[in-house]
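Chain and residue survey
Listed here are the chains, written in short residue letters.
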Amino acid sequence: MEKTHLFHAPYLHAIARTIFVAAGTSRHIADDVAEILVKAHLAGHDSHGVLRIPAYIRGIDSGHIKPSAEPEIVAETDNTLRVDGNGSFGHYVSRWSIRKAIEKAKTSASCCVSIFNTGHIGRLGEYAEEAAGAGCIGLISVGMGGKGAGPTVPYGGSQGTFSTNPIAIGVPTGDDTPFIVDYATSVIAEGKIQVARSKGTELPEGCILDKNGAPSVKPADFYDGGALLAFGKHKGYALAMFTCLLGGLAGTFDAETGRMGGIFMQTIDVNAFTPVADYQKGVRAFLDVIKATPPASGFDEVLAPGDFESRYRAERLKNGIEIPDTINNQLQECADKFNVSIGEEIIQAEDKVRYQ
């Protein structure tokens, strides 16, 4: 097993922020992006954490990410927003947008947002959790499809035509464990292949094909021209298409090439339909009844969506986050590139407060 390094959340946050600021990112944007990356680790989704930092730095260097750009609303009604990310970090644009959507939902019952011109937005469950925490049901999707648009093959096809096209849903429960659905429409997210590669482990069977179309469990085969499979065969394939159709509401489609995709968010204010306190009690009672189902052979218990993340969060806030040696080395290389220290002296008081 590869060597790992243990970091507590405030320190990992400080490392990410320091590198982003050194790369030209505004301090408030750097803090938002760092927090969303660290919260992905806390939720148990290392695929959307700090291993992404080197790629983001390359994006800044190439001009694909404008690290201090601010998003703007380019079209608006009482319950819709069309947001131009202006090339900024997708995490920052998405947090900014979901908060605008929550505000609108509180006065107009619901709000739909289409977002364009921004980069990778990280773990979608982050924004679903934010909506749920505000007493809203949240839906977030990211889709991209068309010839050469990504590594996921359509059902019955032999070449990739989709990205991983994830969907997230958040529902408030009134406690610190909201109902959260968050998954790619491919069997496995590409970031989880990165995690397996960084740890030197193989993938589960049935996730990827190699460049010759044969099933494989080796991460290297995916990065050598391989492909992803959609989950649930035709069902996951159809959902992958739907994320593209929702994303296209941003105007991000091209009739000549047949490409379509983009980012879509929706918030629904529970109070517009029924008192949120009563609804949350009902949701929790419903989830608890489902979880009380006797477990099948080979299982210890029945979990509800969101339980996994909540348990990881409690454990990792207490005991820290393990980062593979390969990723730790890459973070140090990023720091060296900008001649900045990422020693523990960079931790600030506000970082500790953020993760109490």
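Look a little higher up for the structure.
Keep in mind the model is a prediction, meaning the values are calculated, not measured.

**Thoughts on the overall build of the chain**
Of the regular secondary structure elements, the chain holds 12 helices and 14 strands. Since a compact globule built from 356 residues should have a radius of gyration of about 21 Å, the 20 Å found for the chain is in line with a globular shape. Dimensions of the chain, computed from C-alpha atoms along their principal axes, come out at roughly 55 × 55 × 50 Å. By residue count, 50% of the 356 residues in the chain fall in the buried class. A separation threshold of at least 6 residues defines the contact pool for the chain, and within that pool the share at least 24 residues apart is 67%. For the chain, the accessible surface area stands at approximately 16,500 Å², while carbon and sulfur atoms represent 55% of it.

**Section: the pairing of strand β4 (residues 110-116)**
Most of β4 is tucked away: 6 of the 7 residues are buried. Taken together, strand β3 (residues 80-84), helix α4 (residues 90-108) and β4 form a β-α-β motif whose crossover is right-handed.

**Focus on the sheet that holds strand β10 (residues 215-216)**
The sheet built from 4 strands is open, its strands ordered β6-β11-β9-β10 with mixed pairing. With one partner strand each, in any of the chains shown, β6 (152-153) and β10 form the two edges of the open sheet. Relative to strand β11 (residues 227-229), strand β9 (residues 208-209) runs antiparallel, the two being bridged by 2 bridges. Each bridged residue has a counterpart across the sheet, and for I208 the counterpart in β11 is L228.

**Regarding the nonpolar core**
Judged by nonpolar contacts, the single largest core of 36 residues is most densely connected at I15, I19, F20, I53, I57 and F89. Those elements that place two or more of their residues in this core are α1 (9-22), α2 (27-42), α3 (53-62), β14 (321-324) and α11 (325-338). A per-element tally of this core places α1 first, with 8 residues. Once residues within four sequence positions are removed from consideration, I53 is found in contact with A16, I19, F20, L37, L331 and C334.

**Focus: the environment of T118**
By the secondary structure assignment, T118 is in the loop between β4 and α5 (125-133). Here T118 falls in the partly exposed class, since its relative accessible area comes to 22%. As for T118 and P71, which are separated by 47 residues in sequence, their C-alpha atoms are 8.9 Å apart. What T118 contacts, discounting residues up to four positions off in sequence, is G85, S88, F89, G90, V93 and I263. A polar contact is formed between the side chain of T118 and the backbone oxygen of S88, at a distance of 3.0 Å.

**A word on the environment of S26**
By secondary structure assignment, the location of S26 is in the loop between α1 and α2. In the structure, S26 is positioned 42 residues away from S68 in sequence and 5.1 Å away in space, judged by C-alpha atoms. Apart from the residues lying within four places of it in its own chain, the contact partners of S26 are P67 and S68. In terms of polar contacts, S26 uses its side chain to reach the side chain of S68, at 2.8 Å.

**What about the side chain of R284?**
Relative to the helices and strands, R284 is located in helix α9 (residues 276-291). Looking at R284, the relative accessible area reads 15%, which means it is buried. Only 2.9 Å separates the side chain of R284 from the backbone oxygen of T177, close enough to count as a polar contact. Filtering out sequence-adjacent residues up to four positions away, R284 remains in contact with T173, D175, T177 and K291.

**Description of α9**
The end-to-end C-alpha separation of α9 is 22 Å, in line with the 22 Å expected for 16 residues at 1.5 Å each. Every buried residue belonging to α9 is among V276, Q280, V283, R284 and L287, and all of these are buried. Each buried residue of α9 lies within a common arc of 95° when the element is viewed along its axis, so the set occupies one face. In α9, those exposed residues whose orientation departs by more than 90 degrees from the buried face are K281, F286 and V289.

**Some points on the packing of aromatic side chains**
A complete count under the given rule lists 7 aromatic pairs for this structure. Between Y56 and F89, the ring centres sit 6.1 Å apart and the planes meet at 90°, which makes this aromatic pair edge-to-face. Of this pair, Y56 sits in helix α3 while F89 is found in the loop between β3 and α4, placing the two residues 33 residues apart along the sequence. F89 carries the same exposure label as Y56, and that label is buried. Among the aromatic side chains, those forming a connected cluster through ring pairs are F20, Y56 and F89. Cation over ring: R197 sits above Y223, and NZ or CZ is 4.0 Å from the ring centre.

About the cut-offs
- Residues numbered from 1 in each chain as written.
- Predicted model: local features only at pLDDT ≥ 70, side-chain atom pairs only at ≥ 80, totals over all residues.
- Heavy atoms only, no water.
- Helix = DSSP H or I, 4+ residues; strand = E, 2+ residues; numbered from the N terminus.
- Rg over C-alpha atoms; globule rule 2.2 N^0.38 Å.
- Buried < 20%, exposed > 50% of the residue type's maximum accessible area, 1.4 Å probe, protein only.
- Contact = heavy atoms within 4.5 Å.
- Areas by Shrake-Rupley, 256 points an atom, 1.4 Å probe, with all protein chains shown as cover.
- Right-handed = clockwise from strand over helix to strand, strands pointing away.
- Pairing = 2+ DSSP bridges.
- Core = buried A, V, L, I, M, F, W, Y, C linked by side-chain atoms within 4.5 Å.
- Polar contact = N/O pair within 3.5 Å; in protein donor to acceptor, adjacent residues only side chain to side chain.
- Expected span 1.5 Å × (residues − 1).
- Arc of directions from axis to C-beta.
- Phe/Tyr/Trp six-rings, centres within 6.5 Å; stacked < 30°, edge-to-face > 60°.
- Lys NZ or Arg CZ within 6 Å of the ring centre and 35° of its normal.

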